[in-house]
Amino acid sequence: MPADRFAQFTRFQDRLMHSWTSTQSMLCVGVDPDVTRMPAGYGTTPSEIERFCLEIIKATAEHACAFKPQIAYFAANRAEQALENLIGHMHELAPNATVILDAKRGDIGATAKQYAIEAFERYRADSVTLSPYMGSDSVEPYHAYPDRGLFLLCRTSNPGGNDLQFLNTEKGEPLYQTVARMATTTWNPHGQVGLVVGATYPEEIGLVRKLAGDAPLLVPGIGAQGGDLPNTVQNGLCSKGWGLLINSSRAILYAGSGADFATAAQKEAKRTQDAIQSAKGDMIENSSRRR
């Protein structure tokens, strides 16, 4: 495994800004290898999962500011070593991209400390997704790695998210807004916390952006889930013109199912990157006209 290619950055926000500006992209490629959808010529063993994902990484590296491997797709198939290897390949093939380990951990104390070691020492990820349901205790152990990112579930794209995220707190606001406020202030001593907000709710992205300042937002729901890309960009950009990691998984991974699957993935990644940049350009142009 090569030395940390972001070693010069002691703060996660600086690592992430480098990813955005050096790649000129806000596309995050989700790496979720579903063994029931492997392309022709690929088996379902850990080595075949690794071989498939490596071709995806090679094909999309030039278009992505981040990669987000989902740990369950590897662990369910006894392919954790493949995941370790693939994160190493991400570091080598896309040295400016941020790697987000999508694990959604949510435990506390000594157990959370072990999950932090898993994410940042075993897998050498640049950031990890977390569930905030157990409060600040579930985030604090990760502060031992101040240069790594923590993306907390806030306003998720699944319909069932409404069950809890819209419950009113004693502050008279929905729970997801309280999470956005606390996660990016009192739970964020090193400025390393971002939020997960689904693209299927673009107006709520705007509300979260107001509460969270310039904190990074990881936005699933584009692509196969049909999220509204222009409104996501309009509502989610931070004051520096970046601030978003817009994730697409299935739409890129399974853009093709034949021997040309990697070429199809590359084309879909480029199309999505271009669409994001176009939406950003339109927003900046419209803002200039209103002045």
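Look up: the structure comes first, before these words.
Here the structure is a predicted model, which means the values were calculated and not measured.

Draft legend 1. Just the pairing of strand β1 (residues 27-31), in detail. Among the five residues that make up β1, five are buried, leaving the element largely enclosed by the rest of the structure. Looking at chain direction, β1 and strand β8 (residues 244-248) are connected through three bridges and run parallel. Residue Cys28 lies in a different strand from β8, and its bridge partner there is Asn247. The β-α-β motif built from β1, the intervening helix α2 (residues 46-60) and the parallel element strand β2 (residues 66-69) has right-handed crossover chirality.

Draft legend 2. Spotlight on the state of the cysteines. Counted by the stated rule, this structure contains zero disulfides. A disulfide-free cysteine, Cys28 has its sulfur positioned 6.5 Å from the sulfur of Cys65, the nearest such atom. Classification of Cys28 as buried rests on a relative accessible area of 0%. Looking at the unpaired Cys53, the closest cysteine sulfur is the one in Cys28, lying at 14 Å.

Draft legend 3. Broad picture of the sheet that holds strand β7 (residues 217-219). What the eight strands build is a closed barrel, ordered β1-β2-β3-β4-β5-β6-β7-β8; its pairing is parallel. Taken over all neighbouring pairs, the strand axes of this sheet differ in orientation by 30° on average, direction set aside. Both strand β4 (residues 127-130) and strand β5 (residues 149-155) contribute to a ladder of four bridges, which runs parallel. Within the sheet, the bridge partner assigned to Val128 lies in β5 and is Leu150.

Draft legend 4. Quick peek at the nonpolar core. Counting 85 residues, the largest nonpolar core has Phe67, Leu195 and Leu245 as its most contacted members. Of the residues forming this core, the biggest block, seven residues, is contributed by α2. The contact partners of Leu195, leaving out residues within four places of it in the chain, are Phe151, Leu152, Cys154, Val179, Ala180, Ala183, Thr184, Val208, Ala212, Pro216, Leu217 and Leu218.

Draft legend 5. Structural view of the pattern of salt bridges. Applying the stated criterion across every chain, the model contains 14 salt bridges. Residues Arg122 and Glu84 are paired through a salt bridge, measuring 2.8 Å at the closest nitrogen-oxygen approach. Separated by 38 residues along the polypeptide, Arg122 in helix α5 (residues 109-122) and Glu84 in helix α4 (residues 80-93) bring together distant segments of the chain. Judged by relative accessible area, Arg122 falls into the partly exposed class, the value being 37%. A salt bridge links Lys270 to Asp274; the nearest nitrogen and oxygen atoms lie 2.8 Å apart. Separated by four residues within a single helix, Lys270 and Asp274 lie in helix α11 (residues 261-290), roughly one turn from each other. Salt bridges linked by common partners bring Arg15, Asp126, Asp147 and Arg148 together as one network.

Conventions we followed
- Residues numbered from 1 in each chain as written.
- Predicted model: local features only at pLDDT ≥ 70, side-chain atom pairs only at ≥ 80, totals over all residues.
- Heavy atoms only, no water.
- Buried < 20%, exposed > 50% of the residue type's maximum accessible area, 1.4 Å probe, protein only.
- Helix = DSSP H or I, 4+ residues; strand = E, 2+ residues; numbered from the N terminus.
- Pairing = 2+ DSSP bridges.
- Right-handed = clockwise from strand over helix to strand, strands pointing away.
- Disulfide = S-S within 2.5 Å.
- Axes fitted to C-alpha atoms, helices over the stretch in contact; angles between N-to-C directions.
- Core = buried A, V, L, I, M, F, W, Y, C linked by side-chain atoms within 4.5 Å.
- Contact = heavy atoms within 4.5 Å.
- Salt bridge = Lys/Arg side-chain N within 4 Å of Asp/Glu carboxyl O.

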